[in-house]
Amino acid sequence: MAEETCEGCARVVEGGTAQCRARFEALLARDFSDPRFFGVHRLFVDCYCLQHPEDYCASAKSLAAHLVGLAQILDEAASPATGSPDLRSWLDGNRKLDKPAVPAMRGAVTLGDLDGIEEPAAWREAVRGWAESTWEAYRELHPVARRWAAEAGKRGG
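Quick caveat: nothing in here was measured; it's all calculated off a predicted structure.

A. Inspection of helix α7 (residues 120–137) at higher detail. Here α7 is 18 residues long and its end C-alpha atoms lie 26 Å apart, about the 26 Å a rise of 1.5 Å per residue gives. Among all positions of α7, only Pro120, Trp123, Ala126, Val127, Trp130, Ala131, Ser133, Thr134 and Trp135 are buried. The distance from a side-chain oxygen at the start of α7 to the backbone nitrogen of Ala121 is 3.1 Å, and the residue carrying that oxygen is Glu119.

Pasting the structure below:
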């Protein structure tokens, strides 16, 4: 396989975007088969999706799910395994949101920086660092994320 650039996160990886997604899917499977890794499942998914928004944040609602999910985990101590039930409740149904533009640079840390981490505590720490990098890259959308999070908190449950 030739090294190519992933269209989402911009990392150079053998097989490009397809291989980046395959690695993500393999790690998702590990989350569900090994509870020691599931502890940061939602955080892991939100990071990947925010770094691959063309596929995973195509609508305003899907962007809100991942951006607010990340904000609630980092700012409000929501569960990094499952996120906030208020957010899931708020997003249920026919929610109308305006989708802001996502940043071109989506974080200095990518999934590739987590390659080879097989120890659960080190994995949790690395995913947390990835989340902080991704959140920083989305700095211009923090006010939107926090507004949506406040709405979810009022209407959730």
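B. View of the environment of Leu74. For Leu74, the location among the structural elements is in helix α5 (residues 60–76). In the structure, Leu74 is positioned 17 residues away from Leu91 in sequence and 19 Å away in space, judged by C-alpha atoms. In this structure Leu74 touches Arg128, Ala131, Glu132 and Trp135, once residues within four positions along its chain are discounted.

C. Molecular detail of the state of the cysteines. All told, the structure shown has zero disulfides when counted by the stated rule. In this model Cys9 remains outside any disulfide bridge; the closest cysteine sulfur is found in Cys6, 3.8 Å from its own. On the basis of relative accessibility, which here comes to 9%, the residue Cys9 falls in the buried class. Between Cys49, a free cysteine, and Cys57, which holds the nearest cysteine sulfur, the sulfur-to-sulfur gap is 5.9 Å. When its relative accessible area of 3% is taken as the criterion, Cys49 is described as buried.

Definitions and limits used
- Residues numbered from 1 in each chain as written.
- Predicted model: local features only at pLDDT ≥ 70, side-chain atom pairs only at ≥ 80, totals over all residues.
- Heavy atoms only, no water.
- Helix = DSSP H or I, 4+ residues; strand = E, 2+ residues; numbered from the N terminus.
- Expected span 1.5 Å × (residues − 1).
- Buried < 20%, exposed > 50% of the residue type's maximum accessible area, 1.4 Å probe, protein only.
- Polar contact = N/O pair within 3.5 Å; in protein donor to acceptor, adjacent residues only side chain to side chain.
- Contact = heavy atoms within 4.5 Å.
- Disulfide = S-S within 2.5 Å.

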